[in-house]
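# A structural walkthrough
This is what each chain is made of:
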Amino acid sequence: MKKITTVMLLILSVVTLSGCKSQNKEKLKLELNIADVKECTMLVKEDGVIQVADIEEFNESYLEEAGLREFIEGELEAYNETKEEEEAIILDSMEVKDGVAKAILNYPDMDAYTMFTGAEASYYTELTEDDLASLPKELYDVELDENVPVDELLQEEDLQVIRVSDEYDLIVGNKIKYYSNGALVNDTTIKTSKDGVTIVAY
């Protein structure tokens, strides 16, 4: 698994921590906690705010946690200096422990996430016919247990759709109704694919 934010990539030559187990439903929260996350995780909140937890092996003896924190904060400061306060990306928390570095970043929206990391991702709150061009022709319907044409999504009210190209435990605020190229963990969590783009509608 290789999922590294731009910040981590700039400072580390690492391999993403593998073998992590997906978070249990019992631990599902609408706020990521640095002590609880065991896997690279993206949480999409109802207000569109994105929380991303990255977990990396960290065996660089020349750099302590304080140095890594200083670097990350410097990168964020450089990004945020041209943004309004409500557009700023925030380092929520981080720790380096037992050879593992964890960092949780708060993004005001998906656009900020894609701009800062360079990753491919989209978040639709009002799906249109034009948006269907960026989605696969069929999605798996969880309730029907079968694939359905993607244009059926236009019949759903208040449907939110996410496209993600990186591998995460993706947590959303409501029950997942449709998806493609992913593995459902529970009603509100899906393991996105490291290959291609995962689609989630809820």
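Just so you know, these numbers come straight off a predicted model, no measurement behind them.

The next subject is the side chain of T192. With respect to the helices and strands, the residue T192 is situated in strand β12 (residues 189-192). Of the polar contacts made by the side chain of T192, one reaches the backbone nitrogen of Y168; its length is 2.7 Å. For T192, the contacting residues outside a window of four places in its chain are D166, E167, Y168, L170, N181 and T198.

We now examine the pairing of β12. Here β12 shows a buried face lined by T189 and K191 and a second buried face lined by I190 and T192. In this structure, strand β9 (residues 169-171) lies alongside β12, joined through 3 bridges in antiparallel fashion. Looking at β12, one finds that D169 is bridged to K191. As paired strands, strand β11 (residues 182-186) and β12 are joined by 4 bridges and run antiparallel to one another. Across the sheet, residue A183 finds its bridge partner in β12, namely K191. Between the antiparallel neighbours β11 and β12 lie 2 residues.

Reading the values: the criteria
Residues numbered from 1 in each chain as written. Predicted model: local features only at pLDDT ≥ 70, side-chain atom pairs only at ≥ 80, totals over all residues. Heavy atoms only, no water. Helix = DSSP H or I, 4+ residues; strand = E, 2+ residues; numbered from the N terminus. Polar contact = N/O pair within 3.5 Å; in protein donor to acceptor, adjacent residues only side chain to side chain. Contact = heavy atoms within 4.5 Å. Buried < 20%, exposed > 50% of the residue type's maximum accessible area, 1.4 Å probe, protein only. Pairing = 2+ DSSP bridges.

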